[in-house]
Amino acid sequence: MNRFLVFLAMSAAFLLTCALPALFAKEPDRVLVFAAASTTDAVTEICQLFNAKGSTQAVASFASSSTLAKQIENGAPADIFISADFKWMDYLRERGLIVAASRKDLLGNRLVLIAPKDTKLTKVEIEPGFPLVDLLAGGRLSLGDPDHVPAGIYAKQSLEMLGLWPRVESKIARTKDVRAALALVEQGECPLGLVYSTDAAISKKVKVVGIVPENAHPPIIYPAALLSKDARPPVKAFFELLQSPAARAIFEKYGFLVR
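Here is what the cut-offs are and how they apply
Residues numbered from 1 in each chain as written. Predicted model: local features only at pLDDT ≥ 70, side-chain atom pairs only at ≥ 80, totals over all residues. Heavy atoms only, no water. Helix = DSSP H or I, 4+ residues; strand = E, 2+ residues; numbered from the N terminus. Contact = heavy atoms within 4.5 Å. Salt bridge = Lys/Arg side-chain N within 4 Å of Asp/Glu carboxyl O. Buried < 20%, exposed > 50% of the residue type's maximum accessible area, 1.4 Å probe, protein only. Axes fitted to C-alpha atoms, helices over the stretch in contact; angles between N-to-C directions. Parallel < 35°, antiparallel > 145°, perpendicular 65-115°, else oblique. Left-handed = near helix turned anticlockwise from the far one by under 90°. Nonpolar A, V, L, I, M, F, W, Y, C, P; charged D, E, K, R; others polar. Phe/Tyr/Trp six-rings, centres within 6.5 Å; stacked < 30°, edge-to-face > 60°.

### Let's talk about the environment of Gln71
Along the chain, the position of Gln71 falls in helix 3 (residues 65-73). The spacing of Gln71 and Phe34 is 37 residues in sequence and 9.5 Å in space, taken between C-alpha atoms. Beyond its immediate sequence surroundings of up to four residues, Gln71 is in contact with Phe34 and Ala76.

### A few points about the pattern of salt bridges
As enumerated under the stated definition, the model contains 13 salt bridges in all. In this structure, the salt-bridge partner of Arg95 is Glu94, at a minimum N-O distance of 3.8 Å. A relative accessible area of 39% means that Arg95 is categorised as partly exposed. Of the residues examined, Glu94 reaches a relative accessible area of 56% and is grouped as exposed. A salt bridge links Arg110 to Glu214; its shortest N-O distance comes to 3.8 Å. With Arg110 in the loop between strand 4 (104-108) and strand 5 (111-116) and Glu214 in the loop between strand 9 (206-211) and strand 10 (221-226), this residue pair connects regions lying 104 residues apart in the sequence. Residues joined by salt bridges that share partners form a network here, namely Asp41, Arg179 and Asp199.

### Section: the packing of helix 2 (residues 40-51) against helix 10 (residues 233-242)
At a minimum axis distance of 11 Å, the contact between helix 2 and helix 10 shows a crossing angle of 125°. Taken together, the axes of helix 2 and helix 10 are oblique relative to one another. The handedness of the crossing between helix 2 and helix 10 comes out as right-handed. Within the contact between the two elements, helix 2 uses Ile46, Cys47, Leu49 and Phe50 and helix 10 uses Pro234, Ala237, Phe238, Leu241 and Leu242. The class makeup of the residues in the contact of helix 2 with helix 10 is nine nonpolar, no polar and no charged.

### Regarding the packing of aromatic side chains
Counted by the stated rule, this structure contains five aromatic pairs. Members of the aromatic cluster, each reached through a chain of ring pairs, are Tyr196, Tyr222, Phe251 and Phe256.

Right under this line is the structure:
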């Protein structure tokens with residue numbers, strides 16, 4: 001019986017694998033956008049705007065830029081990539097997986113220190129040597145995994161510049177992306193977190209207690225690019241929409257700096 005169940009499971013997996021290419025083939029006009037997790041709300045709204053104008057549907061997949069870049073490298077059928085930093089866009093460019101001429105610096109962002117809404121902490125001056133470990137009071141600092149998540153990489157660079165990384169490194173709660181870092185603070189599992197200002201703005205469960213100086217890290221820039229030189233008209237139309245006044249208004253509504 002166990003062997004029979006294993007056979008059924010393997011057969012089902014094989015059939016699903018075979019079916020996936022067919023499913024994509026049935027939707028040639030679908031636009032698949034891979035976008036950094038921090039753009040979830042804005043890009044979702046832009047997809048809705050695009051979808052309301054015609055029969056072609058835009059669908060977005062959100063995760064850390066590193067995760068999305070690896071998926072694209074492994075053959076994921078994305079049409080457009082929006083990264084939260086240069087590193088992962090450059091990663092795909094070096095492998096010939098983006099249309100380099102289409103690449104645009106789309107957005108900017110800020111890094112902020114957040115705490116649960118009901119915390120007694122009010123304002124923190126983020127400067128070299130500020131008492132971050134004391135403020136954690138035995139808890140952990142939530143941030144995207146600094147080994148690969150852009151928000152976490154920016155956070156680590158900032159903490160290093162401020163001379164705090166050696167003391168706080170062992171107190172980091174590493175998360176899969178910036179939205180997961182936000183969630184740990186929302187749920188009260190971490191007393192503080194470093195996230196983008198746009199993520200803090202969409203949450204009613206956290207408050208910003210400090211703003212990281214912009215000179216503490218490289219500029220936070222979101223590049224976007226097409227992933228095929230033979231991009232279909234709907235893909236090009238969506239890419240143009242991302243750079244339009246209508247999209248600009250949406251991005252700015254969610255706190256992004258439009259470049």
